[in-house]
Amino acid sequence: MSESSSTRAAASSFPWGPPRNDSGQGEALLRSLAGPLARWLPRQRWFAGKGRPLAGLSLLSVTELLPCDAPGYAPGLLHLLVRTRQSGPVAAAGDCYQLLLGVRAALPPDLMPALVGRPSEGPLQDRAVYEALYDPLLAEVLLERLRTPGRLGALRFDRAPGADLPSGPGARALTGEQTNSSVVYGESHILKLFRRVAPGLHPDLELPRALAAAGCARVPAPSAWFEASWPGGESEPLTLGVLQPYLAGSSDGWQLALRSLNGRADFSAAAHALGRTMAEVHTALAQTLPTSVLDRGQLEQAATAMGERLAEAAVAVPALRPYRTGLGRAYEALAGYARGGGACVAQRLHGDLHLGQVLRSGETPHWSVIDFEGEPARPLADRRRPGPPVRDIAGMLRSFDYAACQQQDGGSWAADWSRASRKAFCRGYAAASGADPLSTPELLRAYETDKAVYEVLYEARHRPHWLHVPMTAIRRLAAATP
Ligand SMILES: Nc1ncnc2c1ncn2[C@@H]1O[C@H](COP(=O)(O)OP(=O)(O)O)[C@@H](O)[C@H]1O
Ligand SMILES: O=P(O)(O)O[C@H]1O[C@H](CO)[C@@H](O[C@H]2O[C@H](CO)[C@@H](O)[C@H](O)[C@H]2O)[C@H](O)[C@H]1O
């Protein structure tokens, strides 16, 4: 992308109104940043538009949290919402991303890995622009804003009544594989910044708040959050970040499962407790938020949508093509279940449940559930739509399979481990909810197949060297008889 073309894009497209709180400097600022951002953005783990060239950027809002013109090592802090324009075979509408950029005349050596670039023109010319979350000083500025509810430009900060917020210093950005970005403050709280954002209440704020209000102890309750809202209500506010208690010393289910597999230890008791946990979460969600019954037509529609997702995934990942007919049988069986009078309840769900989304902590082990974002690639409205609980259950069952696949020489032992864990999870779920997922095999198989297809796409896009993991399941599911 040339800097001049991106600037033209900026001047012509502000779909949600002109930049806010920028004293008319938005265009100049974008001109300054366009080159460095065009090189840096596509390399970020959270950039969703991989594989399609970035054709331009427009600025939706800029908010100066700290002035950016100080000399020497003194940092400035900018909050930006930018919209991407991407070229490719299919015209893409573009995504909106949240960026927090530090600005310094001179960058200390320990922050060099966070460098975005040094603009060659405009208001930030020759300044070091970098990923602010890696700078503890700037991460603390954001925390200070969260401490004091109120508005700053397009941003609005809010705090749960009576919630404790971290005191003392100490902020560290997480560096692991993530869809978003997180900062841990003083080992007591964690702030998650959503990267690809869209208008509408984010389920990772909405559901934990609803669960906390319902007294469900399985989810860390949001302590503070912030959003972007446009004057005049041009669009719904966009949720940008959520601060919640940090479960220090916890282990996630993925680490625990791998440890169990490496030690050739049974995981059934842990999986059973996890099943009970998910049943508690589902019950609380169903009691707190609207539910409905999926009738014949809606279940048939769900089966059709699964078939469409499979067709789209097979276009993107040719390895799927030979299995389309076999996989399609699972969706036909779901439609047959609906035609035979089968129905099921729809309710709000976790939406992307897997072993990495559950944390075990405490001396008497307690499972907590995090990350209610849903599958990141789906549109927000889709992720907030009620669905059958079996969708979450299928996600967790797939995850036991994923863990077993990590055992290079696990052979039949790893497969037995997966089968036993899957069964124990369903038993635990049934014991706590009264609804046994194994009693509706048509639903379970269709949703598991749909999830495996999603995973094929996910791995092809983000971790091609892991593609064989869901493909192993694809072969099994395609060969299964209904
Ligand atoms: N409340 C929490 N306590 C402890 N660790 C947490 C908490 N929330 C998130 N984490 C850690 O941060 C990681 C990323 O969080 P997650 O919400 O899954 O982000 P993403 O949506 O970006 O994947 C998790 O895998 C977990 O290790
Ligand atoms: O945790 P995220 O919200 O970022 O979810 C995405 O990434 C997950 C991987 O980090 C991915 O999960 C897949 O891999 C897991 C092992 O790493 C495995 O336990 C899951 O079962 C499997 O789906 C998830 O699908 C994706 O949405």
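Rules and cut-offs
- Residues numbered from 1 in each chain as written.
- Chains lettered and ligands numbered in written order.
- Predicted model: local features only at pLDDT ≥ 70, side-chain atom pairs only at ≥ 80, totals over all residues.
- Heavy atoms only, no water.
- Helix = DSSP H or I, 4+ residues; strand = E, 2+ residues; numbered from the N terminus.
- Rg over C-alpha atoms; globule rule 2.2 N^0.38 Å.
- Buried < 20%, exposed > 50% of the residue type's maximum accessible area, 1.4 Å probe, protein only.
- Areas by Shrake-Rupley, 256 points an atom, 1.4 Å probe, with all protein chains shown as cover.
- Lys, Arg positive; Asp, Glu negative; His and termini not counted.
- Charge placed at Lys NZ, Arg CZ, Asp CG, Glu CD.
- Phe/Tyr/Trp six-rings, centres within 6.5 Å; stacked < 30°, edge-to-face > 60°.
- Lys NZ or Arg CZ within 6 Å of the ring centre and 35° of its normal.
- Near = heavy atom within 4 Å.
- Polar contact = N/O pair within 3.5 Å; in protein donor to acceptor, adjacent residues only side chain to side chain.
- Nonpolar A, V, L, I, M, F, W, Y, C, P; charged D, E, K, R; others polar.
- Domains from an automatic or database assignment.
- pLDDT = per-residue confidence, 0-100.
- Contact = heavy atoms within 4.5 Å.
- Pairing = 2+ DSSP bridges.
- Axes fitted to C-alpha atoms, helices over the stretch in contact; angles between N-to-C directions.
- Salt bridge = Lys/Arg side-chain N within 4 Å of Asp/Glu carboxyl O.
- Core = buried A, V, L, I, M, F, W, Y, C linked by side-chain atoms within 4.5 Å.

Considering the overall build of the chain
Here's step 1: Looking only at helices and strands, the chain has 13 helices and 18 strands in total.
Here's step 2: Relative to the compact-globule value of 23 Å for 482 residues, the chain shows a C-alpha radius of gyration of 23 Å, a close match.
Here's step 3: Taken over the C-alpha atoms alone, the chain extends approximately 65 × 50 × 50 Å along its principal axes.
Here's step 4: Counting every position in the chain, which comprises 482 residues, the buried fraction comes to 55%.
Here's step 5: With the model as given, the accessible surface of the chain reaches about 19900 Å², and the carbon-plus-sulfur share is 53%.
Here's step 6: Across the chain, the 51 positively charged side chains and the 46 negatively charged ones have centroids separated by 4 Å.

Notes on the packing of aromatic side chains
The description of two aromatic rings rests on the distance between their centres and on the angle between their planes.
Here's step 1: Tallied over the full model, the rule gives 11 aromatic pairs.
Here's step 2: Their ring planes at 35° and their centres at 6.2 Å tell us that Tyr402 and Trp466 sit as a pair that is tilted. Placement of the pair is Tyr402 in helix α10 (residues 390-405) and Trp466 in the loop between α12 (441-462) and α13 (468-479), with a sequence separation of 64 residues. The same class applies to Tyr402 as to Trp466, namely buried.
Here's step 3: Its guanidinium or amino end placed over the ring of Trp466, Arg463 lies 3.9 Å from that ring's centre, counting from NZ or CZ.

Some details on the site of ligand 1
Here's step 1: Taken together, the neighbourhood of ligand 1 is formed by 17 residues, with Asn180, Lys192, Gln244, Leu247 and Asp371 sitting nearest.
Here's step 2: Take Thr179: an N or O atom from its main chain is 3.2 Å from an oxygen atom of ligand 1.
Here's step 3: Within the side chain of Gln244, an N or O atom sits 2.7 Å from a nitrogen atom of ligand 1.
Here's step 4: When ligand 1 sits alone it has 550 Å² of accessible area, and the protein chains cover 84% of it.
Here's step 5: Of all elements in the fold, only β10 (189-193) and β13 (238-245) reach the threshold of two or more residues within the shell around ligand 1.
Here's step 6: Class assignment for the residues of the shell around ligand 1 results in 8 nonpolar, 6 polar and 3 charged.
Here's step 7: Summarising the domain contributions, the shell around ligand 1 has at least three residues from each of domain 1 (23-37 + 53-245) and domain 2 (250-479).

Remarks on the confidence of the model for the chain
Here's step 1: This prediction gives the chain a mean pLDDT of 91; 92% of its residues lie at or above 70.
Here's step 2: Within the model, pLDDT remains below 50 along residues 1-22, and this stretch shows 57 contacts once partners closer than five positions in the same chain are excluded.
Here's step 3: Model confidence for the complex is summarised by a pTM of 0.91, with the ipTM given as 0.98.

Here's the deal with the sheet that holds strand β7 (residues 155-159)
Here's step 1: Spatially, the 7 strands line up as an open sheet ordered β6-β7-β12-β13-β10-β9-β8, and their pairing is antiparallel. Each of the sheet's edge strands pairs with one partner strand only, and the pair in question is β6 (150-152) and β8 (171-173). Going across the sheet, the axis of each strand differs from the next one's by a mean of 20°, ignoring polarity.
Here's step 2: Relative to the sheet, helix α3 (residues 136-147) contacts β6, β7, β8, β9 (181-185), β10, β12 (224-228) and β13, its axis offset from that of β7 by approximately 70°.

Some points on the pattern of salt bridges
Here's step 1: According to the stated counting rule, one finds 29 salt bridges in the structure shown.
Here's step 2: Note that Lys192 and Asp204 form a salt bridge whose closest N and O atoms lie 2.8 Å from each other. Of this pair, Lys192 sits in strand β10 while Asp204 is found in helix α4 (residues 203-213), placing the two residues 12 residues apart along the sequence. Across this residue pair, the class does not change: Lys192 and Asp204 are buried.
Here's step 3: Linked through salt bridges whose partners overlap, the residues forming this network are Arg309, Asp352, Glu375, Arg378, Asp382, Arg385, Asp450 and Lys451.

Comments concerning the domain arrangement of the chain
Many analyses report the size of an interface as the accessible area lost when the parts associate.
Here's step 1: Annotation of the chain at the domain level lists domain 1 (23-37 + 53-245) and domain 2 (250-479).
Here's step 2: Put simply, the middle of domain 1 and the middle of domain 2, counted by C-alpha atoms, are 31 Å apart.
Here's step 3: Taken together, the contact pairs 25 residues of domain 1 with 23 residues of domain 2.
Here's step 4: Remark: the boundary between domain 1 and domain 2 carries 4 salt bridges.

Remarks on the nonpolar core
Here's step 1: Leu320, Phe400 and Phe425 are the most contacted members of the largest nonpolar core, which has 71 residues in total.
Here's step 2: Both domain 1 (23-37 + 53-245) and domain 2 (250-479) contribute no fewer than three residues apiece to this core.
Here's step 3: With sequence-adjacent residues up to four places away left out, Leu320 is seen in contact with Leu310, Ala313, Ala314, Leu327, Val453, Val456, Met471 and Ile474.
Here's step 4: Counting residues in hydrophobic clusters, the runner-up holds 41 residues, among them Leu60, Ala114, Ala171 and Leu205.

Notes on the site of ligand 2
Here's step 1: Taken together, 14 residues lie around ligand 2, and Thr179, Asp352, Ser399, Tyr454 and Glu455 are the ones closest in.
Here's step 2: Between ligand 2 and Thr179, the relevant distance is 2.4 Å, taken from an oxygen atom to a side-chain nitrogen or oxygen of the residue.
Here's step 3: Within the contact set of ligand 2, an oxygen atom lies 2.6 Å away from a side-chain nitrogen or oxygen of Asp352.
Here's step 4: Protein burial of ligand 2: of its 530 Å² of free accessible surface, 92% is covered by the chains.
Here's step 5: At 3 residues, the largest contribution of residues to the shell around ligand 2 is made by α12.

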